[in-house]
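# Commentary on secondary and tertiary structure
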Amino acid sequence: MAADKITIFDTTLRDGEQSPGCSMNTSEKLEVARALVELGVDVIEAGFPIASPGDFEAVQQIAREFGDRAVICGLARCRKDDVDRAWQALQDAPQKRIHVFLATSSIHREHKLKMDKAQIVKTAVDMVRRAVDYCPDVEFSPEDAARTEPDFLCEVVEKTIQAGATTVNIPDTVGYAVPSHFKHVIEHLKKNVSNIKQAVISCHCHDDLGLAVANSLAAVEAGARQVECTVNGLGERAGNAALEEIVMALKTRHDYYRCQTSINTKKLYPTSHLVSNITGMKVQRNKAIVGQNAFAHEAGIHQHGILQDVLTYEIMKPQDVGFVGTNLVLGKHSGRHAFRGRVTLLGYELDDETFQKVFDDFIDLADKKKEIYDQDIVALIENRTDETPDRWRLVSCHATAGPGTIPTATVELTGDDGKVHRDAATGGGPIEAVLHALERVIGISASLENLQIRSVSKGKDALGEVSVEVLVDGRTYRGNGVSVDIIEGSALAYLKALNKAEADRQRHQAATRPEPKETQRA
Ligand SMILES: [Zn+2]
């Protein structure tokens with residue numbers, strides 16, 4: 001008997017992106033969308049088109065570019081303008097879905113919407129119909145379903161299916177459910193909604209009690225055939241169900257669930273890395289599936305077991321999720337061919353130009369550092385693939401510091417005029433001095449919200465990765481810099497963030513030029 005297919009609906013770009021500090025610009029969203037397509041997700045919820053022009057643009061571009069490889073979905077509240085805007089953003093995609101939602105729990109009805117049950121049903125039905133007029137693939141979510149009276153939930157679900165919804169998503173919006181309860185909610189719908197077979201049942205669980213994955217799996221057990229999730233479990237508050245955990249639970253316990261997904265699990269780790277890199281949300285070391293310790297069987301007794309038989313403790317193989325450990329791979333004398341092989345093995349496909357840059361960085365690094373690990377290579381690749389066309393480039397950076405001195409830095413940058421610009425500044429320490437000097441050259445002032453330094457691999461000569469988050473004109477910009485010298489790494493990271501802010505400023509100036517106005521419809 002063929003295993004049931006579970007549709008993986010990824011909402012990293014919508015629910016994940018809405019969480020504080022995780023916002024992405026359009027080019028970053030496109031990069032994540034490309035990774036999701038390669039990972040094999042079935043549906044990409046690309047954003048909330050009416051939320052802002054930026055959201056609209058991102059959904060439209062993702063729809064145009066990737067709509068042939070995944071269903072592209074846009075979110076809409078139960079309002080005409082929302083549904084229309086979602087359609088406008090999605091219409092060019094060969095495969096598209098409008099996702100309409102309306103809260104149904106008594107607490108939301110009374111306090112947020114001020115609508116009674118009949119009004120809720122009518123509004124939901126009207127807006128599902130409006131969406132169906134545009135596109136046959138329509139998903140309806142009764143927001144806060146887990147706290148909605150079971151019989152009312154059945155009524156809403158039945159009527160929205162009647163109106164044409166092809167997927168009914170049951171969200172645990174506030175992370176209130178527990179597995180046995182949530183399983184019961186789905187079973188109740190299956191038993192009491194007469195037309196339930198005409199739609200796919202989906203779940204969308206939040207992790208406020210740490211149960212998002214467990215609740216989603218309980219829903220699958222009860223018959224849900226779509227799971228909404230995000231890479232690394234990103235999402236509002238404690239986040240959503242983690243895609244990698246759902247997928248690997250279904251795969252590892254196929255004996256129990258008898259379900260399959262179309263995810264290429266070997267891409268899980270590289271995708272997790274990419275999303276963490278772009279959003280600046282680091283993955284905790286002991287995170288299941290994609291954490292740095294997830295496959296580190298180091299505790300004495302376990303190690304002994306592992307040596308005797310790998311299966312004693314290892315329920316998944318690291319290579320099944322594309323895990324990159326600290327295996328020593330290359331040195332100074334590894335050639336171009338070996339390097340390209342390793343890059344491919346790590347799950348990256350680079351165009352010739354980017355490959356050449358990464359290879360040059362590798363040769364540079366091999367001069368400074370004896371042993372190069374997979375993690376070093378990943379850092380070099382991400383450092384180059386994250387590149388924006390930068391206005392300012394670092395030529396040199398010199399800093400002095402130490403007890404009894406005034407920490408001072410001198411930096412030289414080339415601007416887009418091709419000339420070298422230099423300035424110097426002081427600070428409480430060498431990093432602060434460098435950041436001040438950079439601001440003086442560029443003529444921008446930013447506030448530093450966060451700066452983190454970590455070693456990419458082991459050894460005193462390890463590559464240092466510096467991540468910064470800065471605030472310019474009320475917007476957050478992130479930058480990463482990788483170097484064996486953390487002062488240089490900090491300069492590169494800060495410069496990257498300032499370059500992004502500069503690019504935004506220029507774009508903003510271009511956008512405020514008057515343009516012919518579109519005729520508004522009443
Ligand atoms: Zn959510």
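Now for a look at the structure at hand.

## Digging into the overall build of the protein
A tally of helices and strands in the protein yields 18 helices and 18 strands. Here the protein has a C-alpha radius of gyration of 25 Å; the compact-globule value for 522 residues is 24 Å, and the two agree. Along the first, second and third principal axes, the C-alpha atoms of the protein reach 75 × 70 × 45 Å. Here the protein holds 522 residues, and 52% of them are scored as buried. For the protein, restricting intrachain contacts to residue pairs at least 6 apart in sequence, the fraction spanning at least 24 positions comes to 67%. A total accessible area of about 24500 Å² is found for the protein, and carbon and sulfur atoms account for 50% of it.

## Here we look at the environment of Phe295
Inspection of the secondary structure puts Phe295 in the loop between α12 (268-279) and α13 (300-308). Sequence spacing of Phe295 and Arg505 is 210 residues, and the spatial spacing of their C-alpha atoms is 44 Å.

## Some points on the coordination of the zinc ion
Those protein atoms acting as donors to the zinc ion are Asp15 (OD), His204 (NE2) and His206 (NE2), and they sit at 1.9 to 2.2 Å. Positions of the donor residues of the zinc ion, expressed as sequence spacing, correspond to D-x188-H-x1-H. Comparing His204 with His206 shows no difference in burial state: the two are buried.

## Side note on helix α3 (residues 53-66)
Helix length check: α3, at 14 residues, gives a terminal C-alpha distance of 20 Å against a target of 20 Å (1.5 Å per residue), a fit within 8%. When we look at burial in α3, the residues that qualify are Asp55, Phe56, Ala58, Val59, Gln60, Ile62, Ala63 and Phe66. The elements touched by buried residues of α3 are α1 (12-16), α2 (26-39), β3 (43-47), β4 (71-77) and α4 (80-90).

## Observations regarding the sheet that holds strand β17 (residues 464-472)
The strands that make up a sheet are held in pairs by hydrogen bonds between backbone atoms, and each pair lies either parallel or antiparallel. Sheet architecture is open: three strands sit in the order β16-β17-β18, paired in antiparallel fashion. Only two strands of the sheet have a single neighbouring strand rather than two, namely β16 (447-455) and β18 (475-483). Each adjacent strand pair in this sheet contributes to an overall mean axis angle of 15°, direction not counted. As judged from the nine bridges shared by β17 and β18, these two strands associate in the antiparallel manner. What sits directly across from Leu471, in β18, is Thr476.

## Digging into the pattern of salt bridges
Using the criterion set out here, one finds 32 salt bridges in the structure. Here Arg77 makes a salt bridge to Asp82, at a shortest N to O gap of 2.8 Å. Since its relative accessible area comes to 29%, Arg77 is described here as partly exposed. Among the charged side chains, a network of salt bridges with common partners joins Arg14, Asp15 and Glu45.

## What to know about the packing of helix α7 (residues 150-162) against helix α8 (residues 179-192)
Geometry of a packed helix pair, given as the angle between the helix axes and the separation of the axes. Two elements in contact, α7 and α8, have axes whose closest approach is 10 Å; the angle formed by their N-to-C orientations is 55°. Regarding the angle of α7 to α8, the classification is oblique. Crossing hand, α7 versus α8: right-handed. Taking contact as the criterion, the partners of Pro150, Asp151, Leu153, Cys154, Val157 and Glu158 in α7 are, on α8, Val185, His188, Leu189 and Asn192. Its residues placed into classes, the contact of α7 with α8 shows six nonpolar, two polar and two charged.

What counts and how
Residues numbered from 1 in each chain as written. Predicted model: local features only at pLDDT ≥ 70, side-chain atom pairs only at ≥ 80, totals over all residues. Heavy atoms only, no water. Helix = DSSP H or I, 4+ residues; strand = E, 2+ residues; numbered from the N terminus. Rg over C-alpha atoms; globule rule 2.2 N^0.38 Å. Buried < 20%, exposed > 50% of the residue type's maximum accessible area, 1.4 Å probe, protein only. Contact = heavy atoms within 4.5 Å. Areas by Shrake-Rupley, 256 points an atom, 1.4 Å probe, with all protein chains shown as cover. Donors = N, O, S within 2.8 Å, 3.2 Å for Na, K, Ca; no water. Expected span 1.5 Å × (residues − 1). Pairing = 2+ DSSP bridges. Axes fitted to C-alpha atoms, helices over the stretch in contact; angles between N-to-C directions. Salt bridge = Lys/Arg side-chain N within 4 Å of Asp/Glu carboxyl O. Parallel < 35°, antiparallel > 145°, perpendicular 65-115°, else oblique. Left-handed = near helix turned anticlockwise from the far one by under 90°. Nonpolar A, V, L, I, M, F, W, Y, C, P; charged D, E, K, R; others polar.

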